[in-house]
Amino acid sequence: MTQFMPKRIKRVSPVQTDIYWNDGHVSSYPSWYLREMCPCAECVDESTGARKIAPGSIPASTERVDVELVGNYALHFTWSDNHDTGLYTFDFLRSLCPCPQCLPGGLKEPPAQVENPGSFEV
Ligand SMILES: [Zn+2]
Ligand SMILES: [Zn+2]
């Protein structure tokens, strides 16, 4: 089984990160989308796996402040809302790829500003 590995991580802009994969696939991620999909314990209910961030509650203006490699298996992002506890494994990132092949229909972009950014569903 091939393991997905990024060959190159391109910081296109603070709101976009591209990953060039070892199998030739290219994924282009908006920052708000990765922030919304954050897999950390604060953002996902550990017992149910339910996502606590309401869809559309992360503003499209969310920026990537930093990205770094963690070991040989994940990326660690810091976002402009100061959230930085998510570890995005390569497999997880690949499964999030929003290209037309991987996500027919594409992403629905949230508003540039939202009233309560990152508000949590109860
Ligand atoms: Zn999180
Ligand atoms: Zn894709």
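The model shown is predicted, which means the values in this text are computed figures rather than measured ones. (Residues numbered from 1 in each chain as written. Chains lettered and ligands numbered in written order. Predicted model: local features only at pLDDT ≥ 70, side-chain atom pairs only at ≥ 80, totals over all residues.)

Observations concerning the sheet that holds strand 2 (residues 16-21)
Item 1. The antiparallel open sheet is built from three strands, whose spatial order is 1-2-3. Two strands in the sheet have a free side with no partner beyond their single neighbour: strand 1 (6-13) and strand 3 (26-30). When strand polarity is set aside, the average angle formed by the axes of neighbouring strands in this sheet is 20°.
Item 2. Where strand 1 meets strand 2, six bridges bridge the pair, whose relative direction is antiparallel. Across the sheet, the residue bridging to Lys-10 is Asp-18, located in strand 2. (Pairing = 2+ DSSP bridges. Helix = DSSP H or I, 4+ residues; strand = E, 2+ residues; numbered from the N terminus. Axes fitted to C-alpha atoms, helices over the stretch in contact; angles between N-to-C directions.)

Thoughts on unusual backbone geometry
Item 1. At Asn-82, a position not held by glycine, the phi torsion is positive, near 70°.
Item 2. Tracing the backbone through its elements, the reader meets Asn-82 in the loop between strand 5 (74-79) and strand 6 (87-89).
Item 3. You can call Asn-82 exposed: it has 8 C-beta atoms within 10 Å. (Buried ≥ 20, exposed ≤ 12 C-beta atoms within 10 Å, placed from the backbone.)

Regarding the nonpolar core
Within soluble globular proteins, side chains that are nonpolar tend to cluster in buried spots.
Item 1. In terms of nonpolar packing, the biggest core is built from 14 residues, with Tyr-33, Leu-34, Met-37, Leu-75, Phe-77, Tyr-88 and Leu-93 touching the most fellow members.
Item 2. Mapped by element, the contributors of at least two residues to this core are helix 1 (31-36) and strand 5.
Item 3. If sequence neighbours within four positions are ignored, Leu-34 has contacts with Tyr-29, Phe-77 and Tyr-88. (Core = buried A, V, L, I, M, F, W, Y, C linked by C-beta atoms within 7 Å. Contact = placed C-beta atoms within 7 Å.)

Considering the environment of Thr-78
Item 1. Considering the arrangement of structural elements, one finds Thr-78 in strand 5.
Item 2. Look at Thr-78 and you get partly exposed, because 16 C-beta atoms sit within 10 Å.
Item 3. The spacing of Thr-78 and Glu-63 is 15 residues in sequence and 8.7 Å in space, taken between C-alpha atoms.
Item 4. Those residues in contact with Thr-78 that sit more than four places away from it in its chain are Val-65, Asp-66 and Asp-84.

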